[in-house]
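Summary of the model geometry
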Amino acid sequence: MNVSFILNKNSLEGPALALTGISFLNYACEALMVNELSGTAITIKPQGMNVSLPTTGKVILDQIGMDESRFGLDVTVLCVWLFTCVVLSYAVLKWCVKEKR
C-alpha cells in the first residue's frame, strides 16, 4: 500500500498517474513531506566515506516529484475527503439504521 509513495510521480504515465489523483493517501503524504522538508538544509554523510553532501528539502521534493506550491491544494482535497466521508457516514446511519424501542 505504501509503495506508491516511493515511486517518482514524474516517471508514471497514463492510468498509473491517474490513480495517484484518486488516493487521499497521496495528498496526505505530499502535504506532510512538504511541511517537513520545505525550507530545510540537510547534510548527507554516507558511512565509510569522508564526504558530506549538502542539499535542501526543495531538491529532495523535486527528485520525488512533489511540488511545494501544491500544499494548499493538498490540504483542501483532504478537507473535502473528510467532509464527504462524514456526510456519507451520516446518510448511511440516518437511512439504513432503524432503531427499535
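Residues numbered from 1 in each chain as written. Predicted model: local features only at pLDDT ≥ 70, side-chain atom pairs only at ≥ 80, totals over all residues. Heavy atoms only, no water.

A word on the pattern of salt bridges. One pass over the structure, following the stated rule, counts three salt bridges. The partner of Lys58 in a salt bridge is Asp62, with the nearest N and O atoms 3.8 Å apart. Taken together, the residues Lys58 and Asp62, both in helix H4 (residues 57-63) and four residues apart, mark about one turn of the helix. By relative accessible area, Lys58 is classed as partly exposed at 45%. Arg70 is paired through a salt bridge with Asp74; the nearest N and O atoms lie 3.8 Å apart. (Salt bridge = Lys/Arg side-chain N within 4 Å of Asp/Glu carboxyl O. Helix = DSSP H or I, 4+ residues; strand = E, 2+ residues; numbered from the N terminus. Buried < 20%, exposed > 50% of the residue type's maximum accessible area, 1.4 Å probe, protein only.)

Attention shifts here to the state of the cysteines. Using the criterion set out here, one finds zero disulfides in the structure. Of all cysteine sulfurs in the structure, the one in Cys85 sits closest to Cys96, which takes part in no disulfide; the separation is 16 Å. Exposure remark for Cys96: the relative accessible area of 57% places this residue in the exposed category. (Disulfide = S-S within 2.5 Å.)

Below, the discussion takes up the side chain of Thr55. On the secondary structure map, Thr55 appears in strand E2 (residues 53-56). By relative accessible area, Thr55 is classed as buried at 18%. For Thr55, the residues in contact, after removing those within four places along its chain, are Thr40, Ala41, Ile42, Ile44 and Ile60. (Contact = heavy atoms within 4.5 Å.)

With that settled, the discussion passes to helix H5 (residues 71-96). An ideal rise of 1.5 Å per residue puts 38 Å on 26 residues; H5 measures up with 37 Å between its terminal C-alpha atoms. Restricting attention to buried positions, one finds in H5 the residues Asp74, Val77 and Ala91. Tucked inside the fold, the buried residues of H5 contact helix H3 (24-37). (Expected span 1.5 Å × (residues − 1).)

Interpreting fine coordinate detail is not advised for predicted regions of low pLDDT. In the predicted model, the chain carries a mean pLDDT of 85, and the fraction of residues at 70 or more is 93%. No element of the chain has a lower mean pLDDT than helix H1 (residues 3-6), at 53, and none a higher one than H5, at 94. (pLDDT = per-residue confidence, 0-100.)

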